[in-house]
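A closer look at the structure
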Amino acid sequence: MHFLKIFFNVLVVIGLILLVGRLVSLALQFAGIPFTTFFIDHSIPSLAILLVGALGSWIIEKRK
C-alpha cells in the first residue's frame, strides 16, 4: 500500500509539472514569443496522468 501511495503522488507531481508547462506554453504563444509546443502536443496524456494520480491518491487516502 505504501508503494501505491508513493506511485500516485509521483503521478500527481508529474501531472502538475506538465500542467504548468502547458500553461506557460499557452501564455507565451498568446504573447507571440516562440516556445516549444511539446506541452501542448501532449496535453491529453498529461491530463490523464494528473487525473489517475489524483484519483489514486484520493482513493488511497479514503481507505485509511
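Small disclaimer: the values here were computed from a predicted structure and weren't measured. (Residues numbered from 1 in each chain as written. Predicted model: local features only at pLDDT ≥ 70, side-chain atom pairs only at ≥ 80, totals over all residues. Heavy atoms only, no water.)

1. Some words on a nonpolar patch on the surface
Note the threshold: For patch detection, residues must exceed 30% relative accessible area and be free of salt bridges, and they are connected within 9 Å for like charges or within 5 Å for nonpolar side chains (Val, Leu, Ile, Met, Phe, Trp, Tyr). All accessible-area figures derive from a Shrake-Rupley calculation using a 1.4 Å probe, and residue coverage is judged against the displayed protein chains alone. Between Lys or Arg on one side and Asp or Glu on the other, a salt bridge is scored when a side-chain nitrogen of the former is within 4 Å of a carboxyl oxygen of the latter. Only DSSP runs of H or I covering at least 4 residues are called helices, and only runs of E covering at least 2 are called strands; the numbering of each starts at the N terminus. Buried, partly exposed and exposed residues are distinguished by accessible area as a fraction of the type maximum, computed with a 1.4 Å probe on protein chains only: under 20%, between the cut-offs, and over 50%, respectively.
Residues Met1, Phe3, Leu4 and Phe7 make up a contiguous nonpolar surface patch of roughly 440 Å² in combined accessible area. Looking at the element boundaries, Phe7 is found in helix H1 (residues 2–31). With a relative accessible area of 39%, Phe7 lands in the partly exposed category.

2. A look at the UniProt feature "transmembrane region" (unreviewed entry) in the chain
The criterion, for reference: UniProt positions are given in the numbering used here, feature names are shortened, and annotations may be inferred rather than shown by experiment.
Following the UniProt record, one finds the feature "transmembrane region" (unreviewed entry) at residues 7–31 and 43–60. With 100% helix and 0% strand, residues 7–31 has end C-alpha atoms that lie 36 Å from one another.

3. Quick notes on the packing of H1 against helix H3 (residues 43–63)
Cut-off, in case you're wondering: Angular values range over 0 to 180 degrees, each being the angle between N-to-C directions of two axes fitted as lines to C-alpha atoms, with helices fitted over their stretch in contact. In a left-handed crossing the near helix is turned counterclockwise from the far helix by less than a right angle, and in a right-handed crossing that turn is clockwise. Pairs of residues are marked as contacts when any of their non-hydrogen atoms sit within 4.5 Å. Residue classes follow a fixed rule: Ala, Val, Leu, Ile, Met, Phe, Trp, Tyr, Cys and Pro count as nonpolar, while Asp, Glu, Lys and Arg count as charged, and any other residue, Gly among them, counts as polar.
Interhelical geometry of H1 versus H3 gives an angle of 145 degrees and a closest axis separation of 7 Å. With respect to the hand of their crossing, H1 and H3 are arranged in left-handed fashion. Here H1 contributes Leu4, Lys5, Phe8, Asn9, Leu11, Val12, Ile14, Gly15, Leu16, Leu18, Leu19 and Arg22 to the contact with H3, which in turn contributes Ser43, Ser46, Leu47, Ile49, Leu50, Val52, Gly53, Ala54, Gly56, Ser57, Ile60 and Glu61. Here the contact of H1 with H3 is built from residues that sort into 14 nonpolar, 7 polar and 3 charged.

4. Side note on the pattern of salt bridges
Should their charged atoms come close, side chains of opposite charge can pair. Counted by the stated rule, this structure contains 1 salt bridge. One salt bridge in this structure joins Lys5 and Glu61, with 3.6 Å as the shortest N-O distance. Of this pair, Lys5 sits in helix H1 while Glu61 sits in helix H3, and the two are 56 residues apart along the sequence. Residue Lys5 is classed as partly exposed on the basis of its relative accessible area, which comes to 27%.

5. Things to note about the packing of aromatic side chains
To keep it simple, the criterion reads: Each Phe, Tyr or Trp ring, with Trp reduced to its six-membered ring, pairs with another whose centre is within 6.5 Å; inter-plane angles below 30 degrees give stacked pairs, above 60 give edge-to-face pairs, and intermediate values give tilted ones.
In the structure shown here, the tally under the stated rule is 2 aromatic pairs. Relative to Phe7, the ring of Phe3 lies with its centre 6.2 Å away and its plane at 20 degrees, an arrangement referred to as stacked. You can see Phe3 and its partner Phe7 sitting in helix H1, 4 residues apart, about one turn around the helix. Among the residues examined, Phe3 registers a relative accessible area of 61% and is labelled exposed.

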